[in-house]
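# Notes for the structure review
Chain by chain, the residues run as shown.
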Amino acid sequence: MTPMNEQEKQLSYPLGDALPALGTTLEVAPGVRWVRMDLPFALNHINLWLLRDEIDGADGKVQGWTIVDCGITNDATRNAWEQVFANELGGLPVLRVICTHMHPDHLGLGHWLTEKWGVRLWISATDYNVARVASGIPGAGGVSSARFMQSHGVTDPEAIDKIKGRTNYYASMVPQVPAQYRRLMDGDELRIGGHAWTCHAGYGHAPEHISLYSPALGVLISGDMVLPRISTNVSVFDIEPEANPLPLYLASIARMKALPATTLVLPSHGRPFRGLRTRIDQLTQHHDERFADVLAACAQAPQSAADLLMVLFKRQLDLHQTTFAMGESIAHLHALWLGGKLVRRVDGSGVYRFSTA
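Fair warning: this is a prediction, and the values are worked out from it, not measured in the lab. (Residues numbered from 1 in each chain as written. Predicted model: local features only at pLDDT ≥ 70, side-chain atom pairs only at ≥ 80, totals over all residues. Heavy atoms only, no water.)

### Some details on the packing of helix α5 (residues 143-151) against helix α6 (residues 157-164)
- At a minimum axis separation of 7 Å, α5 and α6 run at an interaxial angle of 150 degrees. Along the contact surface, α5 presents Val-143, Ser-145, Ala-146, Met-149 and Gln-150, while α6 presents Ile-160, Ile-163 and Lys-164.
- Considered class by class, the residues forming the contact of α5 with α6 number five nonpolar, two polar and one charged. (Axes fitted to C-alpha atoms, helices over the stretch in contact; angles between N-to-C directions. Helix = DSSP H or I, 4+ residues; strand = E, 2+ residues; numbered from the N terminus. Contact = heavy atoms within 4.5 Å. Nonpolar A, V, L, I, M, F, W, Y, C, P; charged D, E, K, R; others polar.)

This is the structure:
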């Protein structure tokens, strides 16, 4: 088990070090089961959730399960799901699949799961349609992404070549999106297993991320909006080059502070925890500190997003991490630039540089 950092120690973990083994489940609240799948990244796991459910059928109530989030598209995750279906559902069917957002570790197997069980995908309209576009554009990413990274200061030829080679990156992990869906919106109330679950839309990390809160159970399925150990990735990408997602994200999690302090948070990465308001305060402070670091660096000399990677992350990054880190660096710069605290100019080599004057 990785030792807890100081911020984690301010949270409480009612399940201790318990983790569900691959292909099994662990009950975290009445009718709520935790599934944990592997990921082929530095962030090596994702938490998925099973909710005991029932729906109206032709001959009365049909008992079963709702899946929340799907896992990445690969054979290992399919096989783990098959173990769950064989051993953990009590012989009951899956009745629907809910996706918090469009990212590949959440939506990747959505098509397979909905097709296997003959059920509907529930997701926000924005994330559904962005996923349909991203999975269906031939050659998406690649050259456009590389040019965007170059415009923000990435100069390493090997890194640029690798980014150019990552065409269809999203489609490789989300090869197909279900042809139909049911829309989730902020404030919607779902009836799942006799309990009401309220949809909380969040912005900045994904186009329209949906978290789910059950007042009766005191449980928040936070998705990627609030994580106990790491900060949520909030990035600017080439498809929306002047985006300003970080204020949207911070406003979204600030709204979650209205939930009870005793809420059990079920995150997509890390362990279930209590201390939602504390964690939101920690995340807000984290970004305030990063804003201060960026302003200080830009006061010394004009900075590109690439210049600021070591200021913001202070460690060596692989290519996968670097692309996300660049997105986050640009997001911090854009929040300050569009907030009137920095000036953006293009230097002689066509790179955006930011300064305090």
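### Examining the sheet that holds strand β7 (residues 181-184)
- Pairing within the open sheet is mixed, and its seven strands lie in the order β1-β2-β3-β4-β5-β6-β7. On the outer flanks of this sheet lie β1 (26-29) and β7, each paired with one strand and no other. With strand direction ignored, the average angle separating the axes of adjacent strands in the sheet is 35 degrees.
- Sheet topology note: the strand β2 (residues 32-38)/strand β3 (residues 45-57) ladder contains seven bridges and is antiparallel. Counterpart to Arg-36 in the pairing with β3 is Asn-47.
- In the packing of helix α1 (residues 75-87) onto the sheet, contacts are made with β2, β3, β4 (60-68) and β5 (94-98), and the angle to β2 comes to roughly 155 degrees.
- Here helix α4 (residues 125-136) sits on the sheet in contact with β6 (121-124) and β7, set at roughly 100 degrees to β6. (Pairing = 2+ DSSP bridges.)

### With respect to the pairing of strand β12 (residues 264-267)
- Here β12 shows a buried face lined by Leu-264 and Leu-266 and a second buried face lined by Val-265 and Pro-267.
- Across four bridges, strand β11 (residues 219-223) lies against β12 in parallel orientation. Across the sheet, residue Leu-220 finds its bridge partner in β12, namely Val-265.
- Pairing of β12 with strand β13 (residues 273-274) involves two bridges; the strand directions are antiparallel. For Leu-264, the partnering residue across the bridge sits in β13 and is Arg-274. (Buried < 20%, exposed > 50% of the residue type's maximum accessible area, 1.4 Å probe, protein only.)

### Some points on the environment of Met-37
- Tracing the sequence through the fold places Met-37 in strand β2.
- As for Met-37 and Gly-23, which are separated by 14 residues in sequence, their C-alpha atoms are 7.9 Å apart.
- With residues near it in sequence (within four places) discarded, Met-37 still touches Leu-22, Asn-44, His-45, Ile-46, Leu-48, Thr-77, Ala-80 and Trp-81.

### Details of the sheet that holds β13
- Judged by pairing direction, the sheet is mixed, and its six strands sit side by side in the order β8-β9-β10-β11-β12-β13 without closing on themselves. Strands at the two margins of the open sheet, each flanked by one partner only, are β8 (189-192) and β13.

### Some details on unusual backbone geometry
- Of note in this structure, Asp-69 is not a glycine but carries a positive phi near 75 degrees.
- Unusually for a residue other than glycine, Asn-168 sits at a positive phi of about 55 degrees.
- Among the secondary structure elements, Asn-168 is positioned in the loop between α6 and α7 (169-173).
- Accessibility expressed as a relative area gives 29% for Asn-168, which makes it partly exposed.

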